[in-house]
Amino acid sequence: MAAAREPRLLTVAAAQLGPVTSLDTPREEVLRRMTKLLDEAAEKKVRLVVFPELAFTTFFPGYVINDSEELASFFEPASPSDPYAIVRSPNAKPLVDKADELGIDISFGYGERWTAEGGKVTDYNTAIYYSAARKRCIAKYRKIHLPGRYEPDTRPGVTQQLEKRYFTPGDLGFQAFRVPGLVQGALKSGHVQGLPDPKDAEGRGDPILGMLICNDRRWAEGWRCYGLQGIELLLEGYNTTAFAPQYEGSNEEQEQEALFHHRLSCQAGSYQNACYSVHAGKAGTEDHGSLIAGSSIVDPNGHVIAESKTKGDELVFATLDLSKCLKGKERVFAFEKHRRVEHYSRLIDQVGTEEPALLSE
Ligand code: CDV
């Protein structure tokens, strides 16, 4: 029998937001709602709060925005000399200040307008991780699997999804990172020399985290890239359409199906990579359409251990024992040990389907 591991406890939360109704909903109003959720998190002794994709605004890719100045107002500037400028922007600073005051780490999504050296400007759908212990951002993720269309759907009354129009696919890959200050007694690099085998350090350092944004959670490839870095906690923010007039089924049927696929992706990803995951959605009816709720926390066995009960602002929280991630990584299914990479080339070489040849009569 495997020896019991020391518990590595961490209380985390998904901060579900209700609708941010329109393109001109004041940012201060949204920031007030978000900081209120942080206050509630502090009361519950939460150490990390995850907010949704594009958290501070309505889901603007649901609208056709032709005015470049108006579109620019949904993006936060950044550049190699100031990659995390967002934390000083009046559109986010009150939230970061509150996180600092309460000593809570936060992760949130926003539109990022990146000006590279040489002046090239690229817009990304981005999420960052802010460490209250370090008082700075320690990780950034840019959404890789962008859904939707470039050209608006011209059929009358349809719900638009224009992420391909407004964003470029992320260029940072799936880079896991360790977070300081979240679990007690974490092993540091200086301690490894004292261990009989360096492998004994596995699962005992500061927690290993990664981020995905919305549609990314449906791709097993992203989860696996993180799984192969020993991820213990995956963070994901989303804005997922509940129903749209152009799709089949009643509104109720579509919403149930959307929730089912959301849960399926989150539970399968966590189980197959033996990690916890936190999923924070923006929910309810915004001017462009309706969004599912279902903000949740999933354990390494794929069980949903906490889930939102409303479509409004709601803190969904749970205490995790990160040592439980090791069980899935050590037992017979251990996905990372028994991989047969000689058979996986299709996974990195191919986009689209290549069916087997047709049969003869
Ligand atoms: N914002 C998203 O990425 N939405 C996608 C779908 C609904 C277009 C999602 O996977 O939830």
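For the structure itself, consult the block above.
Residues numbered from 1 in each chain as written. Predicted model: local features only at pLDDT ≥ 70, side-chain atom pairs only at ≥ 80, totals over all residues. Heavy atoms only, no water.

1. Considerations on the packing of helix 1 (residues 27–43) against helix 3 (residues 93–102)
The criterion, for reference: Every axis in this analysis is a line fitted to C-alpha atoms, fitted for helices over the stretch in contact. Angles between the N-to-C directions lie between 0 and 180 degrees. Strands are runs of DSSP state E lasting at least 2 residues, helices are runs of H or I lasting at least 4, and numbering of each runs from the N terminus. Orientation is classified from the angle alone, with under 35 degrees giving roughly parallel, over 145 giving roughly antiparallel, 65 to 115 giving roughly perpendicular, and any other angle giving oblique. By the definition used in this description, the sense in which the near helix is turned from the far one sets the handedness, with an anticlockwise turn below a right angle giving left-handed and a clockwise turn giving right-handed. Note on contacts: a residue pair qualifies if any of its non-hydrogen atoms lie within 4.5 Å across the two residues.
Across the interface, helix 1 lies against helix 3 with an axial gap of 9 Å and an inter-helix angle of 10 degrees. Here helix 3 runs roughly parallel to helix 1, going by the angle between their axes. Every pair of crossing elements has a handedness; the one defined by helix 1 and helix 3 is right-handed. On helix 3, the residues that touch Leu 31, Met 34, Thr 35, Leu 38, Asp 39 and Ala 42 of helix 1 are Pro 94, Leu 95, Lys 98, Ala 99 and Leu 102.

2. Focus: the sheet that holds strand 12 (residues 284–286)
Keep this limit in mind: Whether two strands pair depends on DSSP finding at least two bridges between them.
Reading across from one edge, 10-13-12 is the order of the three strands in this open sheet, with antiparallel pairing throughout. Strand pairing shows two members of the sheet lacking a second neighbour, strand 10 (241–243) and strand 12, which therefore form its edges. Across the sheet, the mean angle from the axis of one strand to that of its neighbour is 50 degrees, orientation sign disregarded. Across two bridges, strand 10 lies against strand 13 (residues 289–291) in antiparallel orientation. The partner of Phe 243 across the bridge, within strand 13, is Ser 290.

3. Description of a negative patch on the surface
Test applied: Put simply, a patch holds well-exposed residues, over 30% relative accessible area, that have no salt bridge, with like charges counted together within 9 Å and Val, Leu, Ile, Met, Phe, Trp or Tyr side chains within 5 Å. The method behind every accessible area is Shrake-Rupley, applied with a 1.4 Å probe, and residues are considered shielded solely by the protein chains displayed. Salt bridge criterion: a side-chain nitrogen from Lys or Arg within 4 Å of a carboxyl oxygen from Asp or Glu. The charged-residue count follows a simple rule in which Lys and Arg add positive charge and Asp and Glu add negative charge, with His and chain termini not counted at all. Note on charges: their place is set at NZ of Lys, CZ of Arg, CG of Asp or CD of Glu.
Together, Asp 24, Asp 67, Glu 69, Glu 70 and Asp 287 make up a region of like negative charge exposed at the surface. Topologically, Asp 67 is positioned in the loop between strand 2 (48–50) and helix 2 (68–72).

Honestly, it's all geometry; don't read function into it.
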